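A closer look at the structure
Spelled out from the first residue to the last, the chains are:
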Amino acid sequence: MSVTRGGSGGVQGALFDGDAERGYRGPTACHAAGITYRQLDYWARTGLVEPSVRAAQGSGSQRLYSFRDILVLKVVKRLLDTGISLQQIRAAVQHLRDRGSDDLAQVTLMSDGVSVYECTSPDEVVDLLAGGQGVFGIALGRVWQEVAGELAEMPAVRAEDGLIETGSDELAARRAARKTG
């Protein structure tokens, strides 16, 4: 993937190419992303999130940000709010660029305040700050359903008297009837 700085492509390359027909000025991007103009300017000058519709061409020119640029600005802001350092955020954003994901709406980013994880399915979690190394993930809802399904067919025992509570075991049902009758 080739990545260019400035111009109409911006540093975001294929991952963050936005709607080239429509751009949003800095103050609008700031408002939508919940950041200050100072942050926007710094992130553009340092290459974290450059405007992909139109870069600044000198004093008085307006940068224009695409929808996707603003999406990334908001993600950066949220990651900062979780305690992730700007250096780590740069690494995570670079990893997403390198992967070239076309559909950012299908990606979930998670953070524990130490690292940033990309989750593309309930079973796949990738640590973006460890060079894209996979980490182990367990979707507890799915495990819950599997266990409930398995146990629905199995006999259960009441803790207080050791009686089996299901009618699927005929011998246990007879014992229970004898004990209570």
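Definitions and cut-offs
- Residues numbered from 1 in each chain as written.
- Predicted model: local features only at pLDDT ≥ 70, side-chain atom pairs only at ≥ 80, totals over all residues.
- Heavy atoms only, no water.
- Helix = DSSP H or I, 4+ residues; strand = E, 2+ residues; numbered from the N terminus.
- Areas by Shrake-Rupley, 256 points an atom, 1.4 Å probe, with all protein chains shown as cover.
- Polar contact = N/O pair within 3.5 Å; in protein donor to acceptor, adjacent residues only side chain to side chain.
- Pairing = 2+ DSSP bridges.
- Core = buried A, V, L, I, M, F, W, Y, C linked by side-chain atoms within 4.5 Å.
- Buried < 20%, exposed > 50% of the residue type's maximum accessible area, 1.4 Å probe, protein only.
- Contact = heavy atoms within 4.5 Å.
- pLDDT = per-residue confidence, 0-100.
- Axes fitted to C-alpha atoms, helices over the stretch in contact; angles between N-to-C directions.
- Parallel < 35°, antiparallel > 145°, perpendicular 65-115°, else oblique.
- Nonpolar A, V, L, I, M, F, W, Y, C, P; charged D, E, K, R; others polar.
- Left-handed = near helix turned anticlockwise from the far one by under 90°.
- Lys, Arg positive; Asp, Glu negative; His and termini not counted.
- Salt bridge = Lys/Arg side-chain N within 4 Å of Asp/Glu carboxyl O.

1. Considerations on the overall build of the protein chain
Of the regular secondary structure elements, the protein chain holds six helices and six strands. Taken from N to C terminus, the helices and strands of the protein chain fall in the order β-α-α-β-α-α-β-β-β-β-α-α. Put simply, the protein chain shows about 11300 Å² of open surface, and 52% of that area lies on carbon and sulfur atoms.

2. Concerning the side chain of Ser66
Position of Ser66 among the secondary structure elements: in the loop between β2 (64–65) and α3 (67–81). Among the polar contacts listed, one links the side chain of Ser66 to the side chain of Ser52, at a separation of 3.2 Å.

3. Points about the pairing of strand β5 (residues 124–127)
For strand β4 (residues 116–121) and β5, the ladder comprises four bridges, and the chain directions are antiparallel. Within β5, the residue paired with Tyr117 across the bridge is Asp127.

4. Some points on the nonpolar core
Ranked by size, the top nonpolar core spans 23 residues in total, and within it Ile35, Leu40, Tyr65, Leu73 and Val76 carry the most contacts. Secondary-structure elements contributing two or more residues to this core are α1 (26–33), α2 (37–45), α3 and α4 (86–99). Ranked by residue count, the leading element in this core is α3, at five residues. Residue contacts for Val76: discarding those within four places in its chain leaves Trp43, Leu48, Val49, Leu86, Ile89 and Val93.

5. Observations concerning the confidence of the model for the protein chain
For the protein chain, mean pLDDT is 74; residues scoring 70 or higher make up 66% of the total. Note on residues 1–20: pLDDT is under 50 here. Beyond four places in sequence and across chains, it has 55 contacts.

6. Things to note about the packing of α2 against α3
Contact geometry of α2 with α3 gives a least axis separation of 12 Å together with a crossing angle of 110°. As summarised for this structure, α2 and α3 are arranged roughly perpendicular, according to the angle between their axes. The residues of α3 that touch α2, namely those facing Gln39, Leu40 and Trp43, are Leu73, Val76, Lys77 and Leu80. Among the residues forming the contact of α2 with α3, the class breakdown is five nonpolar, one polar and one charged.

7. Focus on the environment of Lys74
Tracing the chain through its elements places Lys74 in helix α3. Residue Lys74 is classed as partly exposed on the basis of its relative accessible area, which comes to 32%. In sequence terms Lys74 and Ala32 are 42 residues apart; their C-alpha atoms lie 7.7 Å from each other. Those residues in contact with Lys74 that sit more than four places away from it in its chain are Ala32 and Ala33.

8. Describing the packing of α1 against α3
Orientation of α1 relative to α3, taken along the N-to-C sense of each, is 45°, at an axis distance of 9 Å. Here α1 lies oblique to α3, going by the angle between them. Note that α1 runs across α3; the crossing there is right-handed. Residues Ala29, Ala32 and Ala33 of α1 touch α3, and the partners they reach there are Ile70, Leu73, Lys74 and Lys77.

9. Describing the side chain of Asp69
With respect to the helices, strands and loops of the structure, Asp69 is situated in helix α3. For the buried Asp69, no salt bridge exists, and the shortest N-O distance to an oppositely charged side chain is 7.5 Å, to Arg68. Among the polar contacts listed, one links the side chain of Asp69 to the backbone nitrogen of Ser66, at a separation of 2.8 Å.

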